[in-house]
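Close look at the chain arrangement
Residue strings, one per chain:
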Amino acid sequence: MRTYFIAFTLLLSSIPLSADPLEWPVLEGGNGHFYELLDGVTWRQADEASGSMWFNSHQGHLVTLANEEEENWIKEIFPAREFLFIGLYQPEGSLEPEGGWRWVTEEPVTYINWQGEEPNNGVAGEDYAGINPAPFGLGGWVDIWDSYTSAAIVEYDIGGPIQSDTSNWGQVKNLYR
């Protein structure tokens, strides 16, 4: 029995587990979404793993950054990482180095923070993006190849503005007359 326990413990220690997701609270200027770190993965591994992760009945995805405030919060909460993969990628066949970048969620790319001369496709196949935070980089985004192993941020779209369905409001009002 002890041998099985040791083998199981060794197996678990080789899987890059993350801490409980952390919320960026709406009351603190956030969006109410939850975030967690996935460590020791390539971009594709992170994309696949995040899609199989769930929190409070919400499926995860690689983080999509809507603005500078969200990016700064991510850098503050997950500091001192050499590189943090985000959910921005360049589909095969896109015009290099700047063409076709899109979020994994298919939402519009309305905010970018490329560092210096990035994206530059400095190495063929740099089709994935990440934050290159200080002190390792200048804090902006860089394009990188998939065989690079680092950390990624998983986002759960919980919270935000409440969407109400008023299609049956007349029926509800009639119940209380």
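Below, the structure is looked at part by part. (Residues numbered from 1 in each chain as written. Predicted model: local features only at pLDDT ≥ 70, side-chain atom pairs only at ≥ 80, totals over all residues. Heavy atoms only, no water.)

Considering the overall build of the protein
To keep things clear, this is the line we draw: Here a strand is any run of E in DSSP of at least two residues, a helix any run of H or I of at least four, and the numbering for each starts at the N terminus. To sort residues, take the accessible area from a 1.4 Å probe on protein chains only and compare it with the maximum for the residue type: under 20% means buried, over 50% means exposed, and anything in between is partly exposed. Should any heavy atoms of two residues lie within 4.5 Å, those residues are considered in contact. Residue exposure ignores everything except the shown protein chains as possible cover, and the areas themselves are Shrake-Rupley values with a 1.4 Å probe.
Helix and strand counts for the protein stand at four helices and nine strands. Along the protein, helices (α) and strands (β) appear in the sequence α-β-β-α-β-β-α-β-β-β-β-β-α when read from the amino end. The proportion of buried residues among the 177 residues of the protein is 41%. Here the contacts in the protein between residues at least 6 apart in sequence split such that 64% fall between residues at least 24 apart. For the protein, the accessible surface area stands at approximately 10,800 Å², while carbon and sulfur atoms represent 55% of it.

Let's talk about the packing of aromatic side chains
So the rule is basically this: Paired rings are identified among Phe, Tyr and Trp, the last through its six-membered ring, by centres lying within 6.5 Å, and are further divided according to the angle between planes into stacked (under 30 degrees), edge-to-face (over 60) and tilted (the rest).
Using the criterion set out here, one finds 13 aromatic pairs in the structure. Aromatic side chains Trp145 and Tyr148 sit 5.8 Å apart centroid to centroid with 85° between the ring planes, which places their arrangement in the edge-to-face category. A relative accessible area of 29% means that Trp145 is categorised as partly exposed. Residue class for Tyr148 comes out buried when judged on its relative accessible area of 18%. An aromatic cluster is built from Trp101, Trp103, Tyr111, Trp114 and Trp141, whose rings are joined through pairwise contacts.

Things to note about helix 3 (residues 68-77)
Since the α-helix packs 3.6 residues into each turn, any two residues three or four apart lie on the same face. The criterion, for reference: This arc describes the spread of directions from the helix axis toward the C-beta atoms. Nitrogen and oxygen atoms within 3.5 Å of one another constitute a polar contact, given that in protein one can donate a hydrogen and the other can accept it, and given that sequence-neighbouring residues count only through two side-chain atoms.
If you check which residues of helix 3 are buried, you get Glu70, Glu71, Trp73 and Ile74. Angular distribution of buried residues about the axis of helix 3 spans 160°; they occupy a single face of the element. On its buried face, helix 3 sits against strand 1 (22-23), strand 2 (34-41), strand 5 (84-89), strand 7 (128-131), strand 8 (141-144) and strand 9 (150-156). Where helix 3 starts, the residue carrying a side-chain oxygen 3.2 Å from the main-chain nitrogen of Glu69 turns out to be Asn67.

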